[in-house]
Amino acid sequence: MPESNLAERSYRSEGQVSGAKVIAQALKTQGVEYMFGIVGIPVTEIAVAAQELGIRYIGMRNEQAVSMDADAYGTSQPLLVIGGSSERNQETMGAFQEFPQIEACRLYSKFSARPTSIEAIPSVIEKAVRSSIYGRPGACYVDIPADFVNLQVNVNSVKYTECCMSPPVSMAETPAVCMAASVIRNAKQPLLIIGKGAAYAHAEENIRKLVEQCKLPFLPTPMGKGVVPDNHPNCVGAARSRALQFADVIVLLGARLNWILHFGLPPRYRPDVKFIQVDICAEELGNNVRPAVTLLGDINAVTKQLLEEFDKIPWQYPPESKWWKTLREKMKSNEAASKELASQKSLPMNYYTVFYHVQEQLPRDCFIVSEGANTMDIGRTVLQNYLPRHRLDAGTFGTMGVGLGFAVAAAVLAKDRSPGQRVICVEGDSAFGFSGMEVETICRYNLPIILLVVNNNGIYQGFDTDTWKEMLKSQDATIAAPPVCLLPNSRYEQVMTAFGGKGYFVQTPEELQKSLRQTLADTTKPSLINIMIEPQATRKAQDFHWLTRSKM
């Protein structure tokens, strides 16, 4: 008999069951395996009941990190949040935790509800789980009144809703697929942009076939990296600006024309560029730019439709075209500029020196988690991904504090399903400060995480110790210290050693190489490498500013 049925039968033999146990059983019935959280009044009993049913609980130190954990573990950003609220008979009285949580969450979630009774809990949770995974995956919120948690009801009055069905797979309209194939065939300078939606859709096999069968250049967005390996000969990530600026036909595979892709507008794009937009979310089609063709549907299924169209009438983009020559020349010059920066011998090191040494030793199957300003941006261009859904970063909202939560989730997944697989969490020193106490969580669960803190003593840029002391000679730090400054040479590695992990303070390429070798060889303990770099270090010169600004 399945474990969930055994648990349900044991509850029924007791005669009475608490709301906490009903919640736990409802989650178990929906296939929930992990719960990430911070417990307290009134939800502690829910976590305990979940553990009794075999749902594994990972306790965090910060609520933001909790949501990032669960978000990342789902791999497609389906997320179910369960929160406790005030007791029903104390509403409007100023009760503990009284807040319009359902209304507040409704703005930011796909589904937000409070069960009206213990008996209603299973159906509400089933709908929340279903809503979180159907269509474009997203967050859902279920609000639990405090008195429901320990309230007892007759077990026979509770009917558990069976596990929701897998999401339906939708396909694009055939005429639109034919039109898209025609536009691609007539392109002089085509480009595929592979977004994180393609990774969520598990479309890697069909997208790689499309790239190789049609000989198309492709550009991955940050979390689209690895859908087709970064070292694939058709990847033009090293010529990103040139590819975007001069492509005449761009196929968006689960990528949105938001700020990350500069809204699809000139001067970052040609005024006459034709977009073919593939997305599972109808509301996303046509945002900022009117597409030449829209393909509404599951990205994997739609890509397969395109492949079938190219099977009917075979077509390849000429590998020796002028467009390919332009892209390859730009890639070569950009890669040479990056390597020149990486080869500089001066100390402190710069970003490129650090990342090139890291890249040399990274396992090909590792998860890369990254956050920070220059740390994340430059790291994306140097650190390679060869597998889909193996890069997690601050994403569309540029949220800082995601790194350690994402890393914990990736490490839990790796520990259970691929023992020995490593998680490399690359943090700017400012970004690390948002959720640094999760180091204790990492050590508590002994997760295979290597934290790299790229430390420039500040937000964007900082100052060295001598400059810092000089600035503070005659004035208080609240007046003299620039707002972007952090304390120079902070020993973040000691946070890791405080909880039993391994810490390294490195200042030279040789120290970095040695510490990486040691941490990668030792899978028994998590570690943190605190890497000191030039406080004023920046990225190489860009054709355009990374952030598209409005003209006043």
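The present account deals with the structure reproduced in this document. These numbers were taken from a predicted model, which means no experiment stands behind them.

Definitions and limits used
Residues numbered from 1 in each chain as written. Predicted model: local features only at pLDDT ≥ 70, side-chain atom pairs only at ≥ 80, totals over all residues. Heavy atoms only, no water. Helix = DSSP H or I, 4+ residues; strand = E, 2+ residues; numbered from the N terminus. Rg over C-alpha atoms; globule rule 2.2 N^0.38 Å. Contact = heavy atoms within 4.5 Å. Areas by Shrake-Rupley, 256 points an atom, 1.4 Å probe, with all protein chains shown as cover. Lys, Arg positive; Asp, Glu negative; His and termini not counted. Charge placed at Lys NZ, Arg CZ, Asp CG, Glu CD. Pairing = 2+ DSSP bridges. Axes fitted to C-alpha atoms, helices over the stretch in contact; angles between N-to-C directions. Buried < 20%, exposed > 50% of the residue type's maximum accessible area, 1.4 Å probe, protein only. Polar contact = N/O pair within 3.5 Å; in protein donor to acceptor, adjacent residues only side chain to side chain. Arc of directions from axis to C-beta. Disulfide = S-S within 2.5 Å. Right-handed = clockwise from strand over helix to strand, strands pointing away. Salt bridge = Lys/Arg side-chain N within 4 Å of Asp/Glu carboxyl O.

A few points about the overall build of the protein chain
Part 1: Scanning the protein chain from N- to C-terminus turns up 22 helices and 20 strands.
Part 2: Radius of gyration (C-alpha) of the protein chain: 26 Å, near the 24 Å computed for a compact globule of 552 residues.
Part 3: In terms of its C-alpha atoms, the protein chain occupies a principal-axis envelope of roughly 75 × 70 × 50 Å.
Part 4: Considering only residue pairs separated by 6 or more positions, the protein chain has 75% of its internal contacts joining residues 24 or more positions apart.
Part 5: Just so you have it, the protein chain exposes about 24,900 Å², and 54% of that area is on carbon and sulfur atoms.
Part 6: Treating the 56 positive side-chain charges of the protein chain as one cloud and the 56 negative ones as another, the clouds have centres 7 Å apart.

Some points on the sheet that holds strand S11 (residues 274-279)
Part 1: Taken in spatial order, the five strands make up an open sheet running S9-S8-S10-S11-S12, and their pairing is parallel. With one partner strand each, in any of the chains shown, strand S9 (218-220) and strand S12 (293-296) form the two edges of the open sheet. For this sheet the average axis-to-axis angle between neighbouring strands, irrespective of direction, equals 15°.
Part 2: On top of the sheet, helix H8 (residues 174-185) reaches strand S10 (249-253), S11 and S12; it is set at about 135° to S12, its chief contact.

Brief notes about the sheet that holds strand S5 (residues 111-113)
Part 1: Spatial ordering of the open sheet is given by S4-S6-S5, a layout of three strands whose pairing is parallel. Taken across any chain shown, the strands that pair with only one partner, and hence form the sheet edges, are strand S4 (79-85) and S5. Recorded for the sheet is a direction-independent mean angle of 15° between the axes of neighbouring strands.
Part 2: Bridge count for S4 against strand S6 (residues 139-145) is seven bridges, and the pairing is parallel. Each residue of the ladder has a partner; that of Ile82, found in S6, is Val142.

Describing unusual backbone geometry
Part 1: The residue after Ile41, namely Pro42, is reached through a cis peptide bond having omega 10°.
Part 2: Checked against the element boundaries, Pro42 lands in the loop between strand S2 (34-37) and helix H3 (44-52).
Part 3: Cis geometry is adopted by the peptide bond preceding Pro267, which originates at Pro266 and carries an omega value of 5°.
Part 4: Along the chain, the position of Pro267 falls in the loop between S10 and S11.
Part 5: You will see that Arg389, though not glycine, has its phi angle at about 60°, which is positive.

Topic: the environment of Thr303
Part 1: Position of Thr303 among the secondary structure elements: in helix H12 (residues 299-312).
Part 2: Thr303 sits in the buried class, given a relative accessible area of 0%.
Part 3: Note: C-alpha distance between Thr303 and Ala255 (48 residues apart in sequence) is 14 Å.
Part 4: Not counting chain neighbours up to four residues away, the residues in contact with Thr303 comprise Asn206, Ile207, Leu210 and Leu253.
Part 5: Here Ile299 takes part through its backbone oxygen, which lies 2.7 Å from a polar atom of the side chain of Thr303.

Regarding helix H10 (residues 204-214)
Part 1: Residues of H10 that are buried include every one of Asn206, Ile207, Leu210, Val211 and Cys214, and no others. Taken down its axis, H10 places every buried residue within 140° of arc, on the same side.
Part 2: Positive backbone phi, approximately 60°, marks Lys215, located one or two places after H10.

Overview of the state of the cysteines
Here, the word disulfide means a covalent bond between the sulfur atoms of two cysteines.
Part 1: For the coordinates displayed, the defined rule picks out zero disulfides.
Part 2: Its sulfur unpaired, Cys140 is 11 Å from the next cysteine sulfur, which belongs to Cys164.
Part 3: With no disulfide of its own, Cys214 lies closest to Cys178 among cysteine sulfurs, the gap being 14 Å.
Part 4: The class for Cys214 is buried, based on a relative accessible area of 0%.

Quick notes on the pairing of strand S19 (residues 502-506)
Part 1: Of the pairings in the sheet, the one linking S19 to strand S20 (residues 527-532) comprises five bridges and is parallel in character. The partner of Lys502 across the bridge, within S20, is Ser527.
Part 2: Between the parallel elements S19 and S20, the chain passes through helix H22 (residues 509-521) in a crossover that is right-handed.

Observations concerning the pattern of salt bridges
Part 1: Under the counting rule described, the total for this entry stands at 21 salt bridges.
Part 2: Arg136 is the partner of Glu284 in a salt bridge, and the nearest nitrogen-oxygen pair spans 3.4 Å. Taken together, the residues Glu284 in the loop between S11 and S12 and Arg136 in the loop between helix H6 (121-133) and S6 connect sequence positions 148 residues apart.
Part 3: With a relative accessible area of 26%, Arg136 lands in the partly exposed category.
Part 4: Here Lys473 and Glu470 are joined by a salt bridge, their closest N and O atoms 3.2 Å apart.
Part 5: Residue class for Lys473 comes out exposed when judged on its relative accessible area of 64%.
Part 6: Shared partners join several salt bridges into a network, and the residues in it are Arg61, Glu440 and Arg444.

Let's talk about the side chain of His357
Part 1: Along the chain, His357 turns up in helix H14 (residues 351-361).
Part 2: The class for His357 is buried, based on a relative accessible area of 15%.
Part 3: Dropping the residues within four chain positions of it, His357 is found in contact with Pro509, Leu512, Gln513 and Leu516.

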